[in-house]
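Topology and contacts: notes
Residue-level listing of the chains:
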Amino acid sequence: QVQLVESGGGLVQPGGSLRLSCAASGFTFSNSAMSWYRQAPGKERELVATISSFLRSTNYADSVKGRFTISRDNAKNTVYLQMNSLKPEDTAVYYCHASGLVGYWGQGTQVTVSS
């Protein structure tokens with residue numbers, strides 16, 4: 001059974017940092033591109049960052065370029081999202097997703113950026 005478990009969210013002040021983790025199981029993690037999505041209240045889920053399976057090439061939404069870094073540890077079946085210089089508009093529930101595994105989502109982890 002495919003399982004994606006996000007963690008690391010919390011409350012942080014503007015300008016602060018958080019590191020999110022996603023533990024994956026039930027599929028061949030090393031062969032799968034992985035992504036982070038987020039969903040803010042009243043908005044659609046949006047793609048934040050993607051990292052490919054073998055070359056580990058990355059792609060970021062314009063809104064987070066230069067502030068967020070996606071990485072992966074294939075030995076641990078885990079993908080990370082390092083978030084720096086956080087802004088209130090980054091507030092959302094963050095989810096990870098494996099490319100090709102349509103319909104599989106974890107519960108997400110809440111990130112709240114507020115003074």
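Residues numbered from 1 in each chain as written. Predicted model: local features only at pLDDT ≥ 70, side-chain atom pairs only at ≥ 80, totals over all residues. Heavy atoms only, no water.

In the Ramachandran plot, N77 falls in the positive-phi region, its phi being about 50° despite a non-glycine side chain. Tracing the backbone through its elements, the reader meets N77 in the loop between β7 (68-73) and β8 (78-83). Positive phi values are uncommon outside glycine, yet S85 reaches one of about 50°. The residue S85 is located in the loop between β8 and β9 (92-98) in this model. (Helix = DSSP H or I, 4+ residues; strand = E, 2+ residues; numbered from the N terminus.)

Looking at where D62 falls in the secondary structure, it is placed in the loop between β6 (58-60) and β7. Sequence separation of D62 and S30 is 32 residues, and the distance between their C-alpha atoms is 26 Å.

A word on the environment of N31. The topology assignment puts N31 in the loop between β3 (18-25) and β4 (34-39). For N31, a relative accessible area of 47% corresponds to the partly exposed category. Taking the C-alpha atoms as reference, N31 lies 13 Å from T78; in sequence the two are 47 residues apart. Leave out the neighbours within four places in its chain, and N31 touches S53 and F54. (Buried < 20%, exposed > 50% of the residue type's maximum accessible area, 1.4 Å probe, protein only. Contact = heavy atoms within 4.5 Å.)

For the coordinates displayed, the defined rule picks out 1 disulfide. The disulfide partner of C22 is C96, and the gap between their sulfur atoms is 1.8 Å. Taken together, the residues span a long stretch of sequence, with C22 in strand β3 and C96 in strand β9 at a distance of 74 residues. Grouping residues by exposure puts C22 and C96 together as buried. (Disulfide = S-S within 2.5 Å.)

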